[in-house]
Amino acid sequence: MIPELGHLALILALCLAAAQAWFGMVGAQRGDAAWMSVVRPAATLQAAFVLFAFATLAYSFLTSDFSVRYVAENSNVLLPWPYKITAVWGAHEGSLLLWVSVLGLWTLAVSWFSRPLPQEFAARVLGVMGLISLGFCLFMLTTSDPFVRLLPAAEQGRDLNPILQDPAMAIHPPMLYTGYVGFSVAFAFAVAALLGGRMDAVWARWSRPWTLTAWLFLTFGITLGSWWSYYELGWGGWWFWDPVENASFMPWLVGTALVHSLAVTEKRGAFKNWTALLAIAAFSLSLLGTFLVRSGVLISVHSFASDPKRGIFILGMIGVFVGAALTLYAWRAPTLARGGGFQPFSRETLLLLNNIFLVVAAGSVLLGTLYPLLMDAFGLGQLSVGPPYFDAVFIPVMMPFFIIIGIGPYVRWKHGDAQSTLRTLRVAGILALLAGVLSLVMMHATGAVGLMAGVLLAVWAGAGALIEPFRYFRRRAEGRHGVLSRSTLGMCTAHMGAALLVLGISVTSVLGVEQDVVVKPGDTVHVAGYDFSFQGVHDEQGPNYSARQGVFQVSKGGDAVAVMRPEKREFASVGNETTEAAIEPGLFRDLYLALGNPLDDGAWSVRVQYKPLIRFIWLGGLFMMLGGFLAASDRRYRRQRAAESVVPATVEHA
Amino acid sequence: MKIRDYTPFILPALVLLFLIGLFARGLFLDPTKVKSPLIGKPAPKFTLPELYDPSKKLDQNVFQGQVSLFNVWGAWCAACQDEHPVLVAFAKRKLLPIYGLDYHDDHQAALAMLQKGGDPYTQIFDDASGDVAIDWGVYGAPETFLVDKRGIIRDKVIGPLTPEIIDDRLVPEIRQLQAEAR
């Protein structure tokens with residue numbers, strides 16, 4: 001009964017989404033206030049039904065109702081209950097339902113916070129979101145219904161994919177989807193603005209907090225995913241340039257460009273066309289990510305679902321949504337007024353460069369991801385492009401990008417003053433050079449030049465991010481008036497995050513140590529000054545798995561550091577084996593042990609790794625997320641509601 | 001406005017058009033055809049019990065002397081259940097022996113599935129631990145390998161066999177391999 005209710009709710013949500021789209025888009029076009037007044041209630045109800053459908057599926061999981069096929073395929077009585085909930089999005093059907101549910105939440109938020117907006121504009125925004133929801137509900141109901149019954153019911157479920165039974169992986173998809181789907185808001189704002197012909201500072205100011213919020217969730221989602229693959233996949237890698245990772249990274253890169261470009265549009269009225277295009281592109285890449293993961297077009301270790309019907313449907317949806325948006329763009333963008341002009345040395349120029357670098361980076365990731373498909377489509381053979389390609393194209397683009405990060409905030413809008421910028425950045429420059437040279441002299445590692453470049457850029461960007469807060473506190477200490485808006489603080493925090501990220505990446509990839517060894521009980525391995533003494537392997541029993549656990553005493557210079565227990569877990573219900581690496585974490589270094597295979601006479605192959613500063617990579621991600629949060633919660637976005645509801649600023653400065 | 005003013009703004013739509021064309025082509029290109037590094041190599045060595053009679057051991061020598069298919073399946077795998085009737089129908093044509101690798105499966109469930117849906121296999125290897133499948137580079141079920149008379153892997157299909165894959169891809173290859181000298 002309950003699953004049927006869920007199915008019904010989904011059908012009702014589909015109808016309501018259609019109403020939301022129709023009354024929103026057509027109502028705004030006709031200027032019909034009565035029609036437009038239907039949009040908010042329709043949107044709210046639509047979201048409520050989607051969320052209800054989600055709740056019924058969660059209920060079926062919690063009660064282990066194996067007469068529902070999707071539950072039988074992805075859950076098990078023995079599965080601990082928090083994972084029964086996260087198993088809802090453990091496979092294709094449920095993750096789509098999660099997608100639509102997240103869209104429902106965003107719809108609720110937009111319908112709530114958009115009240116001060118002009119009615120037409122809000123109706124169009126919600127109308128576009130209704131169309132997207134309509135597409136995805138239809139997709140689910142026609143190709144991927146999670147509520148299909150299994151008759152006769154299975155006695156026992158097949159269990160959730162063991163590598164997904166993990167706290168980080170449990171919340172990774174909702175975070176990622178919140179980011180992906182959040183870009184639909186920026187997309188809807190851009191389309192509504194193009195339709196209504198009001199691409200102005202108000203549009204930009206309204207889009208900004210939404211885009212920042214979506215961006216910060218995406219940042220968090222990617223960070224979580226990277227952290228997860230580090231400790232769960234058992235290789236100690238933190239980024240694999242896997243198509244599925246790229247699928248989330250491309251919208252992030254374009255979203256980052258969008259966040260910066262929106263700043264220019266808001267403050268200076270410039271880059272309007274470009275901002276609108278980026279907003280469309282960011283969401284398109286989110287859709288593309290869904291397509292790449294779900295269609296099986298590119299085969300990746302991550303793609304659990306692949307079915308051509310689904311691929312064709314998503315492709316059609318991309319064609320309709322993005323095609324319509326880009327056609328609208330081609331029609332409307334040329335008529336838009338250009339914003340204020342600017343000198344070659346100005347913040348606009350630097351932000352434009354920032355955008356170019358980010359878009360080029362996203363483009364090269366896209367090319368690398370699609371390259372195998374491209375070759376295949378033109379009959380040039382099958383091949384895949386690996387990390388060497390991505391490292392080779394990505395790093396050169398990012399180097400000038402990081403130089404700009406340091407400079408940008410200290411150049412004035414319109415026309416900058418090179419003298420004053422130089423004065424401001426003198427100290428940061430000296431520090432960066434010193435750190436770079438020092439790292440070159442102190443470390444005789446291979447790849448020391450790369451290390452030097454990384455350290456130099458990280459210190460440069462990091463010191464640059466500290467100048468503004470430093471100035472503020474100095475002024476305050478001197479008893480003078482100082483302003484540090486959350487927006488600025490957010491920017492500095494995010495830039496600091498980028499600096500930490502680069503530092504972590506360069507140090508860990510150049511100075512990290514990795515050894516594959518064979519050990520017998522009683523053996524000791526020396527890696528990077530640490531002694532790992534192998535005590536042996538014994539059996540352990542978990543709730544729904546059995547494990548073989550190795551025990552290693554770790555010491556440094558005779559002082560005990562930790563006892564590390566890497567495991568290999570066997571999940572009886574699915575017959576899968578996972579490697580649980582043992583990690584001894586530290587802010588400045590991780591020790592990483594993964595069990596390989598058992599060999600003769602109690603010997604095991606083991607991978608031992610020493611990873612300096614690897615935590616900085618995720619710490620950087622968290623800083624960026626925090627920065628996004630600070631910027632999105634800036635006072636002016638809250639204040640504007642009161643101000644603009646009185647005087648709707650529709651004046652376009654032509 | 002002149003048409004020229006629109007030109008740069010049409011570009012994004014053109015890029016999209018190109019990408020969609022590319023993806024559509026990718027979708028219809030049989031996306032599951034990934035070249036296995038094992039193609040052209042001899043079948044990996046193994047010894048496994050037969051599914052019906054575990055006391056009987058089978059090894060890679062079964063592939064010697066005739067062209068055969070090697071199908072990796074499991075009762076737990078929904079796609080294999082979809083594939084099963086296709087395989088049963090193909091077996092009735094008696095073109096070549098079809099060997100099955102019951103991958104990571106529950107013994108009883110496997111037998112039940114064969115009893116219910118019919119048994120298309122000449123012989124079935126019981127790979128309960130999944131180790132042999134790993135040697136064959138299997139990363140999901142179903143997967144099907146085409147092995148020639150000398151026991152060399154010649155083609156691999158990832159995902160369920162369909163009547164189209166069988167008739168358009170496998171049957172011509174089978175006939176060609178069967179015509180080859182030993």
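Note that the coordinates shown come from a computational prediction; the quantities given were computed from them, not determined experimentally.

The rules behind these values
- Residues numbered from 1 in each chain as written.
- Chains lettered and ligands numbered in written order.
- Predicted model: local features only at pLDDT ≥ 70, side-chain atom pairs only at ≥ 80, totals over all residues.
- Axes fitted to C-alpha atoms, helices over the stretch in contact; angles between N-to-C directions.
- Helix = DSSP H or I, 4+ residues; strand = E, 2+ residues; numbered from the N terminus.
- Parallel < 35°, antiparallel > 145°, perpendicular 65-115°, else oblique.
- Left-handed = near helix turned anticlockwise from the far one by under 90°.
- Nonpolar A, V, L, I, M, F, W, Y, C, P; charged D, E, K, R; others polar.
- Domains from an automatic or database assignment.
- Pairing = 2+ DSSP bridges.
- Expected span 1.5 Å × (residues − 1).
- Core = buried A, V, L, I, M, F, W, Y, C linked by C-beta atoms within 7 Å.
- Buried ≥ 20, exposed ≤ 12 C-beta atoms within 10 Å, placed from the backbone.

Brief notes about the packing of helix α7 (residues 167-196) of chain A against helix α8 (residues 201-232) of chain A
Residue and element names in this part refer to chain A. At a minimum axis distance of 7 Å, the contact between α7 and α8 shows a crossing angle of 155°. It follows that α7 is roughly antiparallel to α8 by the angle criterion. The two elements α7 and α8 cross, and the hand of that crossing is left-handed. Among the residues forming the contact of α7 with α8, the class breakdown is 22 nonpolar, nine polar and one charged.

With respect to the domain arrangement of chain A
Residue and element names in this part refer to chain A. What the domain assignment lists for chain A is domain 1 (1-165), domain 2 (173-334 + 345-404) and domain 3 (513-614). Taking only C-alpha atoms, the centre of domain 1 and the centre of domain 2 are 24 Å apart. Of the residues forming the side of domain 1 that touches domain 2, the biggest block, ten residues, is contributed by helix α6 (residues 119-143). A per-class count over the side of domain 1 that touches domain 2 returns 16 nonpolar, six polar and two charged.

Some words on the sheet that holds strand β3 (residues 68-73) of chain B
Residue and element names in this part refer to chain B. Taken together, five strands build an open sheet; the order of strands is β5-β4-β3-β6-β7 and the sheet is mixed. Two strands in the sheet have a free side with no partner beyond their single neighbour: β5 (123-127) and β7 (153-158). In this sheet, neighbouring strand axes are inclined to one another by 20° on average, regardless of whether the strands run parallel or antiparallel. The pairing of strand β6 (residues 143-147) with β7 spans five bridges and is antiparallel. Residue pairing for β7: T144 is matched across the bridge by V157.

Thoughts on helix α2 (residues 33-62) of chain A
Note on helix geometry: an α-helix contains 3.6 residues per turn, so any two residues three or four positions apart are oriented the same way. When the terminal C-alpha atoms of α2 of chain A are compared, their 44 Å separation across 30 residues agrees well with the 44 Å that a helix rising 1.5 Å per residue should span. One or two steps after α2 of chain A, the chain reaches S64 of chain A, where phi turns positive at roughly 50°.

Section: the nonpolar core
In terms of nonpolar packing, the biggest core is built from 205 residues, with A186, F189, V254 and I280 of chain A touching the most fellow members. With 41 residues, the next largest nonpolar core counts C80, F125, I174 and L177 of chain B among its residues.

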